[in-house]
Amino acid sequence: MDVHIHPRWKEVLKDEFSKPYFQQLVTFLKTEKAVGKTIYPPGKLIFNAFEQTGFDEVKVVILGQDPYHGPGQAHGLSFSVQDGIKPPPSLVNIFKEVQQDIGIEMPAHYGNLTKWAKQGVLLLNAALTVRAGEPFSHAKFGWAEFTDKVIETLSDQKKDIIFLLWGKFAQEKQVLVDETKHIVFKAAHPSPFSADKGFFGCRHFSKTNQVLMEKGLQPIDWKLELPST
């Protein structure tokens, strides 16, 4: 697997790439491709979160579960979609909360969150690949072990990271975070099935920036702008 990843991530995770579970994961993905399965995101974007947000730059982690499994959506950043793809319902609800929380109106037909990633928001999915049209199809083949290690490494080697854990699945990862060193904010998942059960009104975006400023760090500019044509 050609891992497109920031050099510092390669350094801190180098042991993981050589472990048996990761080699088995690579073999599994090659087999999927060999038998004609379509996998999202495209190979060069599987580790996009680690390319856009360097290890030393991580200030915030937003944890998702699984990549989008529709054509052209996933590009390796949790909740984000590629240019030209309409935001899915969970992302629409995230935008609604941003607007309610800090008064920023978000573009209705643009959901590429790369701007957040480049400011230190690690948009991490627990599984980094999925079979087209089959949600959670790759979730049990080693990705959880890898991404759990990512969270543990951030927790162990850094301090003052803000973890935004939305929904039961993300909140189960709280045990991996040393809360004497880091900040955890929890809320319901932004899915239409649960957003009104505690995601709307959580104010995680303003709370995040308040903590960052208290720590003397640059707050996140959550505003998204349509790409210039």
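A quick note: this is a predicted structure, and the numbers were derived from the prediction, not measured.

**Student:** I would appreciate a short explanation of the overall build of the chain in the present structure.
**Tutor:** Assigned secondary structure in the chain consists of eight helices and six strands. Seen in sequence order, the chain has helices and strands lined up from the N terminus as α-α-β-α-β-α-α-β-β-α-β-α-β-α. A compact globule built from 229 residues should have a C-alpha radius of gyration of about 17 Å, and the chain, at 17 Å, falls within 12% of that. Taken along the three principal axes of its C-alpha coordinates, the chain extends 50 × 40 × 35 Å.

**Student:** I tried to follow the packing of aromatic side chains on my own but got confused; where do I start?
**Tutor:** Here a ring pair, both rings aromatic, is described through the centre-centre distance and the interplanar angle of the planes. For the coordinates displayed, the defined rule picks out 21 aromatic pairs. On the numbers, 4.9 Å between centres and 85° between planes, the contact of F205 with W222 is edge-to-face. Of this pair, F205 sits in helix α8 (residues 204-214) while W222 sits in the segment after α8, and the two are 17 residues apart along the sequence. A single burial state applies to F205 and to W222, both of which are buried. What links up through ring pairs into an aromatic cluster is the set W9, F17, Y21, F22, F47, F50, F55, W143 and F146. When the ring centre of F55 is taken as origin, the NZ or CZ atom of K158, which lies over that ring, is 5.5 Å away.

**Student:** Is there a simple way to think about the sheet that holds strand β3 (residues 121-125) in this case?
**Tutor:** Two modes of strand pairing occur in sheets, parallel and antiparallel, and in both the strands are linked by backbone hydrogen bonds. In spatial order, the strands read β3-β2-β5-β6; together these four strands make up an open sheet with parallel pairing. The sheet terminates laterally at β3 and β6 (183-187), the two strands that pair on one side only. Each adjacent strand pair in this sheet contributes to an overall mean axis angle of 20°, direction not counted. Looking at chain direction, strand β2 (residues 60-64) and strand β5 (residues 162-166) are connected through three bridges and run parallel. Looking at the pairing, V60 lines up with I162 of β5. Sheet contacts for helix α6 (residues 139-157): β2, β3 and β5; angle to β3, the most-contacted strand, approximately 150°.

What counts and how
- Residues numbered from 1 in each chain as written.
- Predicted model: local features only at pLDDT ≥ 70, side-chain atom pairs only at ≥ 80, totals over all residues.
- Heavy atoms only, no water.
- Helix = DSSP H or I, 4+ residues; strand = E, 2+ residues; numbered from the N terminus.
- Rg over C-alpha atoms; globule rule 2.2 N^0.38 Å.
- Phe/Tyr/Trp six-rings, centres within 6.5 Å; stacked < 30°, edge-to-face > 60°.
- Buried < 20%, exposed > 50% of the residue type's maximum accessible area, 1.4 Å probe, protein only.
- Lys NZ or Arg CZ within 6 Å of the ring centre and 35° of its normal.
- Pairing = 2+ DSSP bridges.
- Axes fitted to C-alpha atoms, helices over the stretch in contact; angles between N-to-C directions.
- Contact = heavy atoms within 4.5 Å.

In short, shape yes, function no, at least from these values alone.
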